[in-house]
Amino acid sequence: MPSDTQTAQLQLRTVPAGFYRGFNPAVSITAKVLITLLMLLILLAPALATQQLQMLKDLVLTRFAGWYIYLLSGFVLFNLTVVCLPVSGRLRLGPPGARPEIGTFSWLAMMFCAGIGIGILVFSVSEPVSDFLTNPDTLGGALPAAQAETLPSAMRFVFFHWGLSAWSSYVIVGLALGLSCHRNGHPLTMRSALEPLIGKRLEGRLGDVIDVLAILATVSGIATTIVLGLEHICSGLSELTGSPFFADQAGNPPLVALLTALVLAIAATIASIVSGLERGVKWTSHCGIALAFVVLAVFVVFGGGARVIGVFVTSLLRYVQTLPSQMVTLYDPVQDSARHLWQGDWTIFYWAWWIAFAPFVGLFLVRISKGRTVRQFILGAMLGPSLMCFAWFSGTGGSALLMEIDGRAGGTILQAEHAYRIVAAVNVMLGPTGAVLMTAVLTLLFLVLIMASSTAAIIAIKSIGAGGSPQGETPLHSMLWAVVIAALTGAIIAAGGIGAIRDAMLVMTLPFSAVLALMFLSVLRHLASGA
């Protein structure tokens, strides 16, 4: 039953007619104006913008690294505790008696592809290789670099970055929104997640600010995702065509190739999103899952073989054993500078990325999870995808490392550039014809997952801008947001290169991390009232 503390539904202002019919102009227009101003600053004063961005990034890493570390570790502990409580089996993300509207397979497929799919493909081989070469264990002298015994150590850091910590932030947003919106009837927009704490004041400017921060975080996260995917698309096309247009001799894609791929990817995304949630996200997600299983099967069969199971089990045990201490470890920038730099480049970057994804993934998960209990939601949205990620990285990155340890790869994977490592692994596993076919599949899969993630992000942005109103579901606004995201992404790439996208995301997600902490308190109040 809805709690006795439930207040009247939030009433959010939307425009009854005109171009912004069904939208809250204070949110939609403000977000677009801020993004446009940022884009103009980058284009008109690229040196100044890059300098300021670097300064802000250094500030975040110096002053707020601990905030990111302890925030997500708190979410993990909280979610695992809630699953064990009886109240989690009684409370539903919906009215009493509600049942799930989407089947379990489609639910998991849409959640996996929209929430994290492009990332696991981008880093499938690259991150295990990077952690094999350098990780806190090797930097601290506990293990020799790039030796066979380093494999479990490398994989447990990969599991750490893609496991429970990542999905815990999505779960917090999903629970806060699901209990407020599906259960208590508030509009499906980000401010509603804080209704138990702030109440009717969310109908005013404070609520507008929260929604704008959520949109800015979402845009920064999806821009980072798009660029990482584009880098690999260009690498794949370079391998397939041999053309220097897509990558230089060092394997780095030039600006014109990235921008061309960006235009094509956004055009495909627009085609996906205007077809709607059922056809657009659902079928691209199904296609992405099918292609991903093909890729995983090829890596296991032709790469690591049955030994992948050992990699999975050993790495999972190492991850579980070290998680309690690892998720609260913060390296000192003076006394342990090497591991501090590694933590900033990898762990803090990932934690910021998950926080950037949290608004749109959490909102998207709520849209497809109505009727599920709190326990089902946490298990499905936290444990299930984590295990899927672990299996994926064991099969792809684990196979690549096994081929290097055996001497089969001869160092070609370890020495390859970031975006070429997965292609290098394919070339080692397969003959010339098979390698060409698999590279083509990988390139297509990168495009499909960009479409799935971008479509889910734009659907969420529109829902936030419309205050949860269904009248905001218009194709024209989808196309407009796709263009805005593409323009900002292109401007940052042109001004500061691919690395600037990561810096921008790290800075832009900091304000929303405070909102995320408040959502945690909101979920606590929901659970207390429903106990």
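Above this text you will find the structure in question.
Residues numbered from 1 in each chain as written. Predicted model: local features only at pLDDT ≥ 70, side-chain atom pairs only at ≥ 80, totals over all residues. Heavy atoms only, no water.

A.B. asks: Explain the side chain of Arg156 residue by residue, including any values.
C.D. replies: Position of Arg156 among the secondary structure elements: in helix 8 (residues 150-162). Take Arg156: its relative accessible area is 10%, and that puts it in the buried class. Each residue touching Arg156, except ones within four places of it in the same chain, is listed here: Asp137, Ser315, Arg318, Tyr319, Thr322 and Gln326. (Helix = DSSP H or I, 4+ residues; strand = E, 2+ residues; numbered from the N terminus. Buried < 20%, exposed > 50% of the residue type's maximum accessible area, 1.4 Å probe, protein only. Contact = heavy atoms within 4.5 Å.)

A.B. asks: Describe a nonpolar patch on the surface, naming the residues involved and giving the relevant values.
C.D. replies: A cluster of nonpolar side chains, namely Ile29, Val33, Leu34, Leu37, Leu40, Leu43 and Leu44, defines an oily patch on the protein surface of about 640 Å² accessible area. Accessibility expressed as a relative area gives 38% for Leu34, which makes it partly exposed. (Patch = residues over 30% accessible without salt bridge, like charges linked within 9 Å, V, L, I, M, F, W, Y side chains within 5 Å. Areas by Shrake-Rupley, 256 points an atom, 1.4 Å probe, with all protein chains shown as cover. Salt bridge = Lys/Arg side-chain N within 4 Å of Asp/Glu carboxyl O.)

A.B. asks: Give a description of the packing of aromatic side chains that names residues and reports values.
C.D. replies: Following the criterion strictly, the structure yields 27 aromatic pairs and no others. Between Tyr20 and Phe23, the ring centres sit 6.2 Å apart and the planes meet at 85°, which makes this aromatic pair edge-to-face. Judged by its relative accessible area of 17%, Tyr20 is buried. Classification of Phe23 as buried rests on a relative accessible area of 1%. Taking 6.3 Å as the distance between ring centres and 75° as the angle between the ring planes, the aromatic pair formed by Phe159 and Tyr319 counts as edge-to-face. Linking Phe159 in helix 8 with Tyr319 in helix 14 (residues 307-326), this pair joins segments that are 160 residues apart in sequence. Assessed through its relative accessible area of 0%, Phe159 is described here as buried. You can call Tyr319 buried: its relative accessible area is 3%. Put simply, the rings of Phe123, Trp162, Trp346, Phe349, Tyr350, Trp353, Trp354, Phe357, Phe360 and Phe393 pair up and form one aromatic cluster. Across from the ring centre of Trp107, 3.9 Å away, lies the NZ or CZ of Arg372, which sits over that ring. (Phe/Tyr/Trp six-rings, centres within 6.5 Å; stacked < 30°, edge-to-face > 60°. Lys NZ or Arg CZ within 6 Å of the ring centre and 35° of its normal.)

A.B. asks: Just give me the short version of the nonpolar core, but keep the residues and values in it.
C.D. replies: One recurring pattern in soluble globular proteins: nonpolar side chains tend to sit buried together. In this structure, Phe123, Trp162, Trp353 and Met519 are the most contacted members of the largest nonpolar core, which totals 179 residues. It is helix 15 (residues 337-368) that provides the largest number of residues to this core, a total of 20 residues. (Core = buried A, V, L, I, M, F, W, Y, C linked by side-chain atoms within 4.5 Å.)

A.B. asks: So what's going on with helix 15? Residues and values would help.
C.D. replies: With 32 residues, helix 15 extends 44 Å from end C-alpha to end C-alpha; this agrees with the ideal 46 Å at 1.5 Å per step. When the local axis directions of helix 15 are compared, the greatest deviation, roughly 50°, occurs at Ala358, which is followed within four positions by the proline Pro359. Summarising burial for helix 15: 26 of the 32 residues are buried, a large majority. (Expected span 1.5 Å × (residues − 1). Bend = angle between axes of the 7 residues up to and from the residue.)

A.B. asks: Give a detailed account of the pattern of salt bridges, specifying residues and quantitative values.
C.D. replies: On inspection of all chains with the given rule, the structure shows eight salt bridges. The residue Arg191 makes a salt bridge to Asp208 at a minimum N-O spacing of 2.6 Å. Here Arg191, found in the loop between helix 9 (164-183) and helix 10 (195-198), pairs with Asp208, found in helix 11 (residues 205-241); they are 17 residues apart in sequence, far enough to count as distant. On the accessibility criterion, Asp208 (9% relative accessible area) is buried. A salt bridge links Asp208 to Arg205; the shortest N-O distance between them is 3.3 Å. Here Asp208 and its partner Arg205 are both found in helix 11, three residues apart, which amounts to about one turn of the helix.

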